[in-house]
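If you want the building blocks of each chain, they are given just below.
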Amino acid sequence: MKRTIFVIGLTLLLAMTFTIPVFAGGWAVVTLDELPGEVEAGQPFEIGFMVRQHGVTPLSGQSPIIRAYLDGTKQSVSVIAEDEGGVGHYAAILTLPESGTWQWEIEAFGAAQPMPALTVVDASVTVAKSEPVAASNPSTYPLLVGGVGLLGAIGGLLALQRKVRWATAFVMAGILVSGVGFVSAAGQPKVASEAKQPVSLSADEQVSLGRNLFIAKGCTLCHSHSETNKFREFGVDMGPNLTNFTASPEYLRIWLKDPSAAKSTAKMPSLGLSESEIEALIAFINDK
Ligand code: HEC
């Protein structure tokens, strides 16, 4: 009997030794690809992010959970992100059903990482968003002209078969018109409706964007900062406290792009920040 208990105990102990490391993967830094822009109620949008174990090593094979809570209600939404695009990168589609302020967090492993609150707006009226009707789009006119010319040329050819005299002239005119039409259609600039307008932010907006990035990129996990510490459910203080830190923008541009380029022994990882993200982070760091 004692022996059985011993065996069961030993088995349990072994099982625990082998399962615990799977759960307790230490801690991770979640770095959002980008802050979600304007989010509309009921409209699915993608969240992509990197998971780095101990803030450094990209780690795949996890099932990070994204949870969102609507302020002032009991409503919540959660979704599991999946490996997508490169080691340690995950993505999930999230739909927030109602407008309002949503608090949200991503839990990769270890503690959940709170993200800057999301403002969700009511879906805009569909009419305003619909595409313009093709016929009223001026860029289709040259194509029409080309088509008419082509028809003329074909008509002329048919007439030529019946030996009508003016047919040759008709064919020539048709080819000319269709040529002019198609060439100018090709020369038309593409409608740039999709192109993103560069938004110029005021100094204050730039600072608050930088603060949100400081949270969303996971800087908060390694750096204490009085402006973001309330978003810190868990922190390691691996890097210096940045509350009173300032440095020249020139230096910070190099540092934030790739710390190891600035200092070969740097422990801080390169987080793949874009130039505009770096500018906003610099504005936040130097705003004292
Ligand atoms: C995994 C931990 C970690 C993360 C995440 C992290 N840092 Fe660091 N950071 C460090 C460490 C460690 C140092 C100290 C220098 C070194 O050894 O790398 C540092 C140093 C710095 C410095 C000071 C550089 C200097 O010359 O004194 C700044 C500024 C900084 N980090 C900003 C950021 C920002 C902004 C982010 C987020 C985009 C960030 N860090 C994310 C660990 C981290």
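Here the structure is shown first, and the text comes after it.
Residues numbered from 1 in each chain as written. Predicted model: local features only at pLDDT ≥ 70, side-chain atom pairs only at ≥ 80, totals over all residues. Heavy atoms only, no water.

### Description of the sheet that holds strand β5 (residues 65-70)
Taken together, the five strands give an open sheet; going across it, the order is β2-β10-β9-β5-β6, and neighbouring strands pair in mixed fashion. The open sheet terminates on both sides in strands that have one partner only, identified here as β2 (39-40) and β6 (76-80). With five bridges connecting them, β5 and β6 associate as antiparallel partners. Looking at β6, one finds that A68 is bridged to V77. (Pairing = 2+ DSSP bridges. Helix = DSSP H or I, 4+ residues; strand = E, 2+ residues; numbered from the N terminus.)

### Some words on the site of the ligand
Residues in contact with the ligand amount to 24 residues; listed here are only the nearest, C219, C222, H223, Y251 and M268. At a separation of 2.8 Å, a nitrogen atom of the ligand approaches a polar side-chain atom of H223. At a separation of 2.9 Å, an oxygen atom of the ligand approaches a polar backbone atom of M268. Counting only elements with at least two residues in the shell around the ligand, the list comes to α6 (219-222), α7 (249-257) and α9 (275-285). Here the shell around the ligand is composed, by residue class, of 18 nonpolar, four polar and two charged. (Near = heavy atom within 4 Å. Polar contact = N/O pair within 3.5 Å; in protein donor to acceptor, adjacent residues only side chain to side chain. Nonpolar A, V, L, I, M, F, W, Y, C, P; charged D, E, K, R; others polar.)

### Focus on the nonpolar core
In terms of nonpolar packing, the biggest core is built from 27 residues, with I47, F49, L96, W104 and I106 touching the most fellow members. For this core, the elements supplying multiple residues, two or more each, are β1 (28-32), β3 (45-53), β5, β8 (89-94), β9 (100-107) and β10 (113-121). No other element matches β3, which puts four residues into this core. Excluding anything up to four places from it in sequence, I47 contacts L32, P36, I66, Y90, A91, A92, L94, W104 and I106. In terms of nonpolar packing, the next biggest core, distinct from the first, is built from 17 residues, F214, L242, L271 and I278 among them. (Core = buried A, V, L, I, M, F, W, Y, C linked by side-chain atoms within 4.5 Å. Buried < 20%, exposed > 50% of the residue type's maximum accessible area, 1.4 Å probe, protein only. Contact = heavy atoms within 4.5 Å.)

### Section: the pairing of β8
Of all six residues in β8, five are buried, a share of seventy percent or more. Two elements, strand β7 (residues 82-83) and β8, share two bridges in a ladder whose sense is antiparallel. Opposite D83, over in β8, you have Y90 as the bridge partner. In sequence, β7 turns back onto β8 through a hairpin of five residues, with G85 there showing a positive phi of about 70 degrees.

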